[in-house]
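The lines below spell out each chain.
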Amino acid sequence: MADTIILKVYRGDAEGGELHTYEVPKSPHMVVLDAIHHIQRNQEPSLACRWNCKAAKCGSCSAEINGMPRLMCKAQVDDYAGGEIIVTPMHTFPIIKDLVTDVSWNYRVSSKIPPLVPKPEYADKPFNLQQIDVDRVQEFRKCIECFLCQDVCHVLREHQRTDGFFGPRQMVKIASLEMHPMDNLNRREQLKNEGGVGFCNITKCCTEVCPEHIHITDNAIIPLKERVADDYFDPVQGLLRKIGIIKRERKQPLDSVPNEQTKIHRPV
Amino acid sequence: MAIQAQKTTPDKPQPQRATRKDNWWLSPLVFALVFGFFAVWATFRAFQNNYYEVGNYLSPFYAPTIQLSWKIMGFNISPALLILPFPLSFRMTCYYYRKALYRSFAADPVACAVKEPEPLYKLRWKKYTGERVFPFVAMNFHRYAFYAAALFMIMLWIDAIKAFFFEGRLGMGIGSLIFLVNVLLLTLYTFSCHSWRHLIGGGQDCYSCSAMNKTRYGLWAKVSFLNERHGNWAMASLISVLVTDIYVYLLATKVITDIRFF
Ligand code: SF4
Ligand code: SF4
Ligand code: FES
Ligand code: FES
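Here the structure is a predicted model, which is why all the values come from computation and not from measurement. (Residues numbered from 1 in each chain as written. Chains lettered and ligands numbered in written order. Predicted model: local features only at pLDDT ≥ 70, side-chain atom pairs only at ≥ 80, totals over all residues. Heavy atoms only, no water.)

Draft legend 1. Looking closely at the site of ligand 1. Residues and elements named next belong to chain A. Neighbouring ligand 1 are 14 residues; Cys153, Cys200, Thr203, Lys204 and Cys206 lie closest to it. Contributions of two or more residues to the shell around ligand 1 are made by helix 5 (154-157), helix 8 (205-209) and helix 9 (216-232). In terms of residue class, the shell around ligand 1 is built from nine nonpolar, four polar and one charged. (Near = heavy atom within 4 Å. Helix = DSSP H or I, 4+ residues; strand = E, 2+ residues; numbered from the N terminus. Nonpolar A, V, L, I, M, F, W, Y, C, P; charged D, E, K, R; others polar.)

So, in structure tokens, the structure goes:
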């Protein structure tokens, strides 16, 4: 008899639901998404799941496997040898049906981050960038917007502070602009206030789950915290700037860009 | 203009979630035990005010040497009480220790995707403020603790060099080697600090814009290399400080004697 695996998959919607058990034949190099597809094809056509590439590059198939946020197409069934595999939807976002959640909050937040505002001297000219200037930023461009980091972040997941914190994915996005040599916008104001970088207590779960292995905490959030500290928590540096010993280029303020959604308010 | 989606963010937490089946509790537990032991031992030694110096070996808890003759209610004030706040504040505000302490001692979160412990869950839901308000907002001043720690490194190197001079003559004992390893680990820990990484070059946006910034890029890249293992240096140096102090304590209480190579 062929090898089989036992899957427990969450079935339900906003009203509630429960885990259903399925037995699926195992094939070589099978991933959890294959097993879900097998259930859809052969046992339960109404099982809802989101997917697209099956190559860990589109960021659609995010779910939680045995309680850990993962891409279903990247989770090898062999990693869970011997035990049953529990598949549940992402916990932080509202459920639509079965494994599909509504992640639109992330896009709404993302739209609050103004795009690159080129320095006046570079406007309408081609950007000639040196590799050393884009080394850091390239890492952040790997993001596939799977929102696993947003799902696992305890600020959003356990404390529901979606009112105050943009979440790790958006910190990565802001970092890619804040560190960009051509960007002319002061993003620290948004980071400190509306973006809520101070909500992050650098416990690194976002980094642990990122399928693109972006060092979210070490390379994006901590450097951003240090930049915010430069402006808001370093009286000595502030003084040295005032008397002209430290020179820093002035960027244009956040409210100089016409972006209706970029409003500054101060959550506690 | 971005397309606005309807607001569907839930007001209450969702019911369904599976429990992690792996040993997620192991690393917060190990950290709590190691750090807890260190805290108890350091407190005991700081108040003991004795057995911290044997010949050329000076315990890192009591470095640099401070002559104190203060008394409060008949008790001598230990110089360690003046020294320890500096390394302590460096470690307590360190980005690595913050992660480990929040996980092990505040269960915030105890491990990734693990549900908050029940009483805390109700207490903290929607009330969490992270490092935005007192007391944790103080973490933002980590760079100042780094400046102090960098000064301390000079004094610790002097003590480590002294550990190779016995009554004015070059020598080497087991203790000398312990002091050397300790100061090396402390140096790696201190100069892999995130604040230092920011200061040396991380705060710059354009590295190719000036010769100075090109140099800073090179330095930043080197610090980044060390910084990748910052957590390892943090734990290794914590243990090496502990071992160094215990070694001096055992020598001073004559439980063991130092083995001299020459
Ligand atoms: S490190 Fe910060 S952003 Fe990342 S999961 Fe933890 S609290 Fe959230
Ligand atoms: S940063 Fe990583 S985990 Fe977060 S959305 Fe991007 S790819 Fe996913
Ligand atoms: S299906 Fe595209 S990331 Fe999994
Ligand atoms: S970040 Fe750990 S010492 Fe600065």
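Draft legend 2. Expanded view of the site of ligand 2. Neighbouring ligand 2 are A:Cys143, A:Ile144, A:Glu145, A:Cys146, A:Phe147, A:Cys149, A:Cys210, A:Pro211, A:Ile214 and A:Ile216. Considering only residue class, the shell around ligand 2 consists of nine nonpolar, no polar and one charged.

Draft legend 3. Region of the structure containing the side chain of A:Gln170. All names here are of chain A. Note that Gln170 resides in helix 6 (residues 168-178). Look at Gln170 and you get buried, because its relative accessible area is 0%. A polar contact of 3.0 Å, which involves the side chain of Gln170, links it to the backbone oxygen of Asn106. Setting aside anything within four residues of it in sequence, one finds Gln170 in contact with Asn106, Val109, Ser110, Ile113 and Gln150. (Buried < 20%, exposed > 50% of the residue type's maximum accessible area, 1.4 Å probe, protein only. Polar contact = N/O pair within 3.5 Å; in protein donor to acceptor, adjacent residues only side chain to side chain. Contact = heavy atoms within 4.5 Å.)

Draft legend 4. Structural context of the interface of chain A and chain B. If you look at the interface, chain A gives 69 residues, while chain B gives 59 residues. For the pair chain A and chain B, the summed buried area comes to about 5800 Å², and 52% of that belongs to carbon and sulfur atoms. If you look at where chain A meets chain B, you find eight salt bridges. Residues B:Glu131 and A:Lys225 are paired through a salt bridge, measuring 2.7 Å at the closest nitrogen-oxygen approach. Our enumeration of links across chain A and chain B arrives at 33 residue pairs in polar contact (both at pLDDT 80 or more). (Buried area = accessible area lost by both parts, 1.4 Å probe. Salt bridge = Lys/Arg side-chain N within 4 Å of Asp/Glu carboxyl O.)

Draft legend 5. Local environment of the pattern of salt bridges. Using the criterion set out here, one finds 33 salt bridges over all chains in the structure. A salt bridge links A:Glu212 to A:Lys57, with the nearest nitrogen and oxygen atoms 2.5 Å apart. Residue A:Glu212 is found in the loop between helix 8 and helix 9, and its partner A:Lys57 is found in the loop between helix 1 (32-42) and strand 3 (62-65); the two are separated by 155 residues along the sequence. Taking the shortest distance from any N to any O, the salt bridge between A:Glu178 and A:Arg227 comes out at 2.9 Å. Of the two residues, A:Glu178 is situated in helix 6 and A:Arg227 in helix 9; the sequence distance between them amounts to 49 residues. Sharing partners across several salt bridges, the network here consists of A:Glu178, A:Arg188, A:Arg227, A:Asp231, A:Lys251 and B:Asp205.

Draft legend 6. Region of interest: the sheet that holds strand 3 of chain A. All names here are of chain A. Spatial ordering of the open sheet is given by 2-1-5-3-4, a layout of five strands whose pairing is mixed. Each of the sheet's edge strands pairs with one partner strand only, and the pair in question is strand 2 (16-25) and strand 4 (68-71). Strand-to-strand twist in this sheet, taken as the mean axis angle between neighbours without regard to direction, amounts to 35 degrees. The pairing of strand 3 with strand 5 (residues 85-88) spans two bridges and is antiparallel. In the sheet register, Ile65 faces strand 5, and the bridge partner there is Val87. (Pairing = 2+ DSSP bridges. Axes fitted to C-alpha atoms, helices over the stretch in contact; angles between N-to-C directions.)

Draft legend 7. Quick look at the state of the cysteines. Applying the stated criterion across every chain, the model contains two disulfides over all chains. A disulfide bridge connects A:Cys205 with B:Cys112, and the sulfur atoms are separated by 2.1 Å. Between A:Cys205 and B:Cys112 the sulfur-sulfur dihedral comes to about -90 degrees; the bridge is accordingly left-handed. Pair noted here: A:Cys205 is in helix 8 and B:Cys112 is in the loop between helix 4 (95-106) and helix 5 (118-124), and the two residues belong to different chains. Take A:Cys205 and B:Cys112: they sit in the same class, and that class is buried. Across the disulfide from B:Cys206 sits B:Cys209; the S-S distance is 1.9 Å. The sign of the 80 degrees torsion about the S-S bond sets the B:Cys206-B:Cys209 disulfide as right-handed. Accessibility expressed as a relative area gives 13% for B:Cys206, which makes it buried. Exposure remark for B:Cys209: the relative accessible area of 53% places this residue in the exposed category. (Disulfide = S-S within 2.5 Å.)

Draft legend 8. Region of interest: the packing of aromatic side chains. Scanning the entire structure with this criterion turns up 32 aromatic pairs over all chains. For the ring pair A:Phe233 and B:Phe141, a centre distance of 5.8 Å and an interplane angle of 85 degrees mean the geometry is edge-to-face. Within this pair, whereas A:Phe233 is found in the loop between helix 9 and helix 10 (235-242), its partner B:Phe141 is found in the loop between helix 5 and helix 6 (142-162), the two belonging to separate chains. Owing to a relative accessible area of 34%, B:Phe141 belongs among the partly exposed residues under this scheme. Plain terms: the ring middles of B:Phe35 and B:Phe105 are 6.2 Å apart, the flat faces sit at 65 degrees to each other, and that makes the pair edge-to-face. Separated by 70 residues along the polypeptide, B:Phe35 in helix 1 (residues 26-48) and B:Phe105 in helix 4 bring together distant segments of the chain. If you follow B:Lys115 out to its NZ or CZ, it ends over the ring of B:Tyr121, 4.1 Å from the centre. (Phe/Tyr/Trp six-rings, centres within 6.5 Å; stacked < 30°, edge-to-face > 60°. Lys NZ or Arg CZ within 6 Å of the ring centre and 35° of its normal.)

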